[in-house]
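So the chains spell out like this:
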Amino acid sequence: MAKEDNKPLDSGISRRGFLKGVGAGTVATGMMPGLAPENAQAAESAKIQGPGEVPITLRINGRNRRVNVEPRVTLLDALRNRLDVTGAKKVCDRGTCGACTVLVDGDPIYSCSMLALEAEGREITTIEGLGTPEHLNPLQKAFIENDAQQCGFCTPGFVVACASFLEKNPNPTREEVRSGIGGNLCRCGTYAGMIEAVLDAAEVQKGGN
Amino acid sequence: MKSFEYSAPNTIEEAIESLGNRWGETEIMAGGTDLVTSLKQRITAPQRVVSLKNISTLREIHESSDLIQIGAMTTLADLSNHSTIQKHFPSLVEAARSISSPQILNAGTLGGDLCQRPRCWYFRNGYGLLAQNGGKSLIPAGDNRYHAIFGNDGPAYFVSASSLGPPLIALGASVSVVGADGKSRQIALDDFFRIPKSESERETSLKPNEILTAIHIPLSGLNNSVYEIRHRHGLDWPYATAAVAFKLSGSKASDVRIVLGHVAPTPWLASKAGKSLEGAEVTMSSAAHCAQSATQGAKTLSGNAYKVPMVKTSVKRAILIAAGIQMKG
Ligand SMILES: Cc1cc2nc3c(=O)[nH]c(=O)nc-3n(C[C@H](O)[C@H](O)[C@H](O)COP(=O)(O)OP(=O)(O)OC[C@H]3O[C@@H](n4cnc5c(N)ncnc54)[C@H](O)[C@@H]3O)c2cc1C
Ligand code: FES
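Treat the numbers as computed from the prediction; the structure is a model and nothing was measured.

A. Looking closely at the overall build of chain B. Broken down by element type, chain B carries 13 helices and 14 strands. For 329 residues, the compact-globule estimate of 2.2 N^0.38 gives 20 Å, and the C-alpha radius of gyration of chain B, at 19 Å, lies within 12% of that figure. Along the three orthogonal principal directions, the C-alpha set of chain B runs to about 55 × 50 × 35 Å. Relative to its full complement of 329 residues, chain B shows a buried share of 59%. Within chain B, residue pairs in contact and separated by at least 24 positions form 65% of the contacts whose partners lie at least 6 positions apart. Put simply, chain B shows about 12300 Å² of open surface, and 50% of that area lies on carbon and sulfur atoms. Across chain B, the centroid of the 33 positively charged side chains sits 7 Å from that of the 27 negatively charged ones.

This is the structure in structure tokens:
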């Protein structure tokens with residue numbers, strides 16, 4: 001167990017010590033002219049960023065978006081407050097409701113519980129990337145047809161979670177749908193409609209009615 | 001959330017070098033499902049966050065004939081979908097899947113599950129791990145409905161939140177930890193969890209500049225299972241869990257290990273209960289007898305006595321499931 005000592009808070013950690021292996025004095029500035037690509041990548045990763053704003057590129061719905069964020073900014077806040085991608089909603093802001101669900105490399109995650117910096121280099125899909133009002137995807141249509149929402153605030157998170165579920169489980173049972181949406185909450189309690197919507201969309205995708 | 005520096009090194013050595021040697025100065029980020037919330041709630045306000053996301057070796061799973069080694073950054077989803085784990089360790093698959101939120105399973109890691117901080121509401125609301133005021137815990141006289149019934153002689157009353165810890169201990173798992181000297185040491189998982197004695201300690205034997213790198217589980221052919229009792233099947237932690245593992249020869253059990261979850265500040269080895277089943281035939285009545293002994297030594301607080309019958313029921317059911325015995329009612 002660690003013992004408490006009374007050193008001032010900022011004395012224990014070094015900004016430079018761990019850069020040794022990187023082998024370039026330019027690293028700390030974030031500029032790496034002349035480094036081989038793999039070294040540049042190593043230097044990039046070992047670099048200490050922040051606490052001020054850091055320029056990053058996020059790949060959102062197939063487009064690269066550049067944004068400056070402090071390391072403490074979550075992916076959700078970067079999307080909503082910096083990039084005007086407001087489909088993902090902030091409700092609990094602590095990983096317990098699913099309103100902020102987005103796909104990262106195809107898998108649903110809570111964007112309120114991931115730092116924007118952690119999402120760099122990954123493929124982010126939000127509700128905006130699944131369909132538009134003019135071109136709804138089958139699941140979005142099925143949500144409307146099954147009246148699968150009341151206030152609608154949780155809906156984007158549910159649709160994103162359900163879309164990924166359907167992709168991995170094209171032929172689900174009702175029970176599987178239930179557990180597939182186990183990471184999202186609806187305070188209006190429209191689960192019955194949502195389960196029907198997912199089952200309907202599965203039929204449509206299989207080429208049924 | 002307070003602002004902090006961030007780095008995402010490519011190697012364990014770099015990561016260790018960028019960690020401070022006092023708790024709270026720096027924090028390790030795995031999937032972030034627990035840490036990001038702790039940062040927002042100011043349970044910790046580090047100067048620097050060190051992300052493990054670029055260290056690819058931490059995601060590897062290696063198998064030999066008698067051991068499986070799982071990198072600490074393996075997500076709970078990948079863990080529960082792995083064919084060897086599915087074949088040998090139904091308890092781990094069940095424990096992971098019962099967390100039930102696909103979003104948490106996709107982002108949360110095995111290392112993060114073992115190192116997640118307690119959910120004690122005093123702790124989460126800024127009263128500290130031991131919830132003390134003037135050297136005295138607020139918990140015995142406070143709202144302790146979700147607190148410990150074992151290992152609660154003080155000063156800690158929280159319960160360990162990890163669902164994977166109990167079945168892993170039952171299976172005899174150990175963990176690799178890399179320390180400040182860059183050397184790796186192996187610790188039995190049972191010894192990894194600690195009951196803190198002061199606010200400056202945490203719930204594991206990790207030092208602030210140490211990284212949990214891998215979990216090793218012997219492939220020793222043990223029957224194993226978990227049984228959890230939950231309020232709701234999603235977005236919440238269990239009230240009580242029992243994990244069991246034993247060798248079944250005919251109908252006789254040996255090498256019995258019974259580990260309780262969510263009832264003590266660490267996963268709680270019910271050794272008397274394990275002994276009571278050792279060498280015995282697994283039947284409805286021996287399981288019930290063993291379950292009864294698993295409750296021995298429980299010390300209830302004003303609001304958590306309900307956990308005692310839950311321990312009994314979950315131990316009994318876990319034993320019967322592991323032995324493949326159908327339960328009546
Ligand atoms: C709504 C909800 C319900 C949940 N229900 C359950 C449940 O029923 N059972 C259960 O077990 N869990 C449950 N969880 C917790 C979840 O499983 C954990 O949050 C997750 O496993 C943590 O993994 P992570 O990779 O996201 O860790 P992080 O959030 O990144 O880290 C968690 C902690 O562990 C430390 N850490 C992580 N990895 C390492 C490492 N390799 N070495 C050293 N330190 C490390 C971090 O510094 C941090 O303190 C739930 C979470 C939520 C939000
Ligand atoms: S806002 Fe992210 S899970 Fe609720």
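B. Structural context of the pattern of salt bridges. Applying the stated criterion to the full structure yields 22 salt bridges over all chains. Note that Arg119(B) is salt-bridged to Asp34(B), the shortest N-O span being 3.5 Å. With a gap of 85 residues between them, Arg119(B) in the loop between α7 (110-115) and α8 (121-124) and Asp34(B) in the loop between β2 (26-29) and α2 (35-40) connect regions that are remote in the sequence. The partly exposed category is assigned to Arg119(B), whose relative accessible area is 29%. With a relative accessible area of 13%, Asp34(B) lands in the buried category. A salt bridge links Asp236(B) to Arg232(B); its shortest N-O distance comes to 3.7 Å. Relative accessible area serves as the criterion here: at 30%, Asp236(B) is assigned to the partly exposed category. The network of salt bridges with shared partners includes Asp77(A), Lys90(A), Asp93(A) and Lys40(B).

C. Spatial organisation of the state of the cysteines. Residue and element names in this part refer to chain A. Enumeration according to the criterion identifies zero disulfides over all chains in this entry. Counting only cysteine sulfurs, Cys 188 is the nearest neighbor of Cys 151, a cysteine outside any disulfide, at a range of 3.8 Å. Residue class for Cys 188 comes out partly exposed when judged on its relative accessible area of 30%.

D. Highlighting the site of ligand 1. Residues and elements named next belong to chain B. Around ligand 1 there are 34 residues in total, and Ile 28, Thr 33, Leu 35, Thr 109 and Asp 113 lie nearest to it. Gly 32 is positioned with one of its backbone polar atoms (N or O) 2.7 Å from an oxygen atom of ligand 1. Here an oxygen atom of ligand 1 and a side-chain polar atom of Thr 33 are 2.5 Å apart. With the chains in place, 97% of the 970 Å² that ligand 1 exposes on its own is no longer accessible. According to the grid-proximity analysis, the pocket containing ligand 1 is the largest cavity. Only β2, α7 and β10 (211-218) provide two or more residues apiece to the shell around ligand 1. Ranked by residue count, the leading element in the shell around ligand 1 is α7, at four residues. Along the lines of polarity and charge, the residues of the shell around ligand 1 split into 17 nonpolar, twelve polar and five charged.

E. Structural context of empty space enclosed by the protein. Residues and elements named next belong to chain B. By the definition in use, this model includes two cavities of 30 Å³ or more. Empty space within the largest cavity amounts to approximately 920 Å³. Looking at the lining of the largest cavity, the elements that each hand over two or more residues are β2, α2, α7 and β10. Class assignment of the residues belonging to the lining of the largest cavity gives a composition of 21 nonpolar, 18 polar and eleven charged. Space inside the second largest cavity adds up to approximately 70 Å³. As for the second largest cavity, its lining consists of Leu 114, Cys 115, Gln 116, Pro 118, Phe 158, Ser 160, Ala 161, Ser 162, Phe 193, Glu 203, Thr 204 and Pro 265. The residue inventory of the lining of the second largest cavity, partitioned by class, reads seven nonpolar, four polar and one charged.

F. Examining the packing of helix α12 (residues 284-294) of chain B against helix α13 (residues 307-323) of chain B more closely. Residues and elements named next belong to chain B. Orientation of α12 relative to α13, taken along the N-to-C sense of each, is 140°, at an axis distance of 8 Å. Classified by the angle their axes make, α12 and α13 are oblique. The element α12 and its partner α13 pack so that their crossing is right-handed. Across the interface between the two elements, Met 284, Ala 287, Ala 288, Cys 290, Ala 291, Gln 292 and Ala 294 from α12 touch Val 311, Lys 312, Val 315, Lys 316, Ile 319 and Leu 320 from α13. Looking at side-chain class alone, the contact of α12 with α13 contains ten nonpolar, one polar and two charged residues.

G. Seen up close, the packing of aromatic side chains. Counting across every chain of the model gives seven aromatic pairs over all chains. Measuring from ring centre to ring centre gives 5.2 Å for Trp121(B) and Tyr146(B), while their planes differ by 65°; the resulting arrangement is edge-to-face. One end of the pair, Trp121(B), is in helix α8; the other, Tyr146(B), is in the loop between β7 (136-137) and α9 (165-170), and 25 residues separate them in sequence. Taken together, the aromatic side chains of Trp121(B), Tyr146(B), Tyr239(B) and Tyr306(B) make up a single cluster linked through ring pairs. One cation-aromatic arrangement involves Lys89(A) over Phe153(A); the distance from NZ or CZ to the ring centre is 5.9 Å.

H. Local environment of the sheet that holds strand β14 (residues 268-269) of chain B. All names here are of chain B. Within the open sheet, the four strands sit side by side as β11-β12-β13-β14. Their pairing is antiparallel. Either end of the sheet is taken by a strand with one partner, and the two such strands are β11 (223-229) and β14. Of the pairings in the sheet, the one linking strand β12 (residues 240-249) to strand β13 (residues 252-261) comprises eight bridges and is antiparallel in character. Among the inter-strand pairings, Thr 241 is bridged to a residue of β13, identified as Gly 261.

I. Inspection of the side chain of Lys307(B) at higher detail. Residues and elements named next belong to chain B. The residue Lys 307 is located in helix α13 in this model. A distance of 2.9 Å separates a polar side-chain atom of Lys 307 from the backbone oxygen of Tyr 239. In contact with Lys 307, other than residues within four places in its own chain, are Arg 145, Tyr 146, His 147, Ile 149, Val 159, Tyr 239, His 262 and Val 263.

J. Structural context of the layout of surface pockets. In this model, the largest pocket occupies a volume close to 1200 Å³. As for the largest pocket, its lining consists of 48 residues, and the residues nearest its centre are Ala77(B), Ser80(B), Pro102(B), Leu105(B) and Asn106(B). When contributions to the lining of the largest pocket are tallied by element, the ones reaching two or more residues are β4 (107-110), α4 (155-168) and α5 (174-180) of chain A together with α3 (76-81), α5 (90-97), α6 (102-107) and β11 of chain B. Each of two domains, domain 2 (54-124) and domain 3 (138-205) of chain A, supplies a minimum of three residues to the lining of the largest pocket. Of the voids in this model, the second largest pocket is the one considered here, and its volume is about 590 Å³. Taken together, 22 residues form the lining of the second largest pocket, with Arg119(B), Trp121(B), Tyr146(B), Asp236(B) and Trp237(B) sitting closest to its centre.

About the thresholds
- Counting from 1, residues in each chain are numbered in the order their sequence is written.
- Numbering of ligands from 1 and lettering of chains from A proceed in the order in which they are written.
- Selection of residues for local features in this predicted model requires a pLDDT of at least 70, selection of side-chain atom pairs for listing and counting requires 80 or more, and totals for whole chains, interfaces and linings are taken over all residues.
- Computation of side-chain values covers all heavy atoms of the structure but excludes hydrogens and water.
- The way it works is that DSSP assigns letters per residue, a run of H or I at least four long becomes a helix, a run of E at least two long becomes a strand, and they are numbered from the N terminus.
- The atom set for the radius of gyration is the C-alpha atoms, and the globule formula is 2.2 Å times the number of residues raised to the power 0.38.
- Residue burial is assigned from relative accessible area. The probe radius is 1.4 Å, only protein chains are included, and a residue is buried under 20% of its type maximum, exposed over 50%, and partly exposed in between.
- We call two residues contacting when some pair of their heavy atoms lies within 4.5 Å.
- The Shrake-Rupley method, run with a 1.4 Å probe, gives the accessible areas here. Residue values count only the displayed protein chains as cover.
- The positive count covers Lys and Arg only, the negative count covers Asp and Glu only, and His and the chain ends enter neither.
- For charged residues, the charge sits on one atom: NZ in Lys, CZ in Arg, CG in Asp, CD in Glu.
- In what follows, salt bridge is the name for a side-chain nitrogen of Lys or Arg lying within 4 Å of a carboxyl oxygen of Asp or Glu.
- Cysteine sulfur atoms that pair up within 2.5 Å are treated as a disulfide.
- We call a residue near a given molecule or strand whenever any one of its heavy atoms falls within 4 Å of it.
- Any pair of nitrogen or oxygen atoms within 3.5 Å is treated as a polar contact; in protein, a donor-acceptor pairing is required on top of that, and neighbouring residues in sequence qualify only through side-chain atoms on both sides.
- Residues are called lining when one of their atoms sits within 4 Å of a cavity or pocket point, these points coming from a 1 Å grid over the protein atoms alone, where a cavity is a set in which a 1.4 Å probe fits but cannot get out and a pocket is an open set with protein on both sides within 12 Å along at least five of seven lines.
- Here the criterion for a molecule occupying a pocket or cavity is that more than half of its atoms lie within 2 Å of the pocket grid points.
- Each residue is assigned to one class: nonpolar for Ala, Val, Leu, Ile, Met, Phe, Trp, Tyr, Cys and Pro, charged for Asp, Glu, Lys and Arg, and polar for all the others, Gly among them.
- Grid points are joined across faces, edges and corners, and a volume is the space filled by probe spheres set on the points.
- For helices, the fitted line uses only the C-alpha atoms of the stretch in contact; every axis is such a line through C-alpha atoms, and the angle between N-to-C directions lies from 0 to 180 degrees.
- Oblique is the label for any angle not under 35 degrees, not over 145, and not in the 65 to 115 range, which are roughly parallel, roughly antiparallel and roughly perpendicular in turn.
- When the near helix sits turned anticlockwise from the far one by under a right angle, the crossing is termed left-handed; a clockwise turn instead gives a right-handed crossing.
- Aromatic contacts are taken between Phe, Tyr and Trp rings whose centres are within 6.5 Å, Trp giving its six-membered ring; a plane angle under 30 degrees counts as stacked, one over 60 as edge-to-face, and the others as tilted.
- Only lysine NZ and arginine CZ atoms are considered, and such an atom sits over a ring when it is within 6 Å of the ring centre and within 35 degrees of the ring normal.
- In this description, strands pair whenever DSSP reports at least two bridges between them.
- What fixes the domain bounds is an automatic or database domain assignment.

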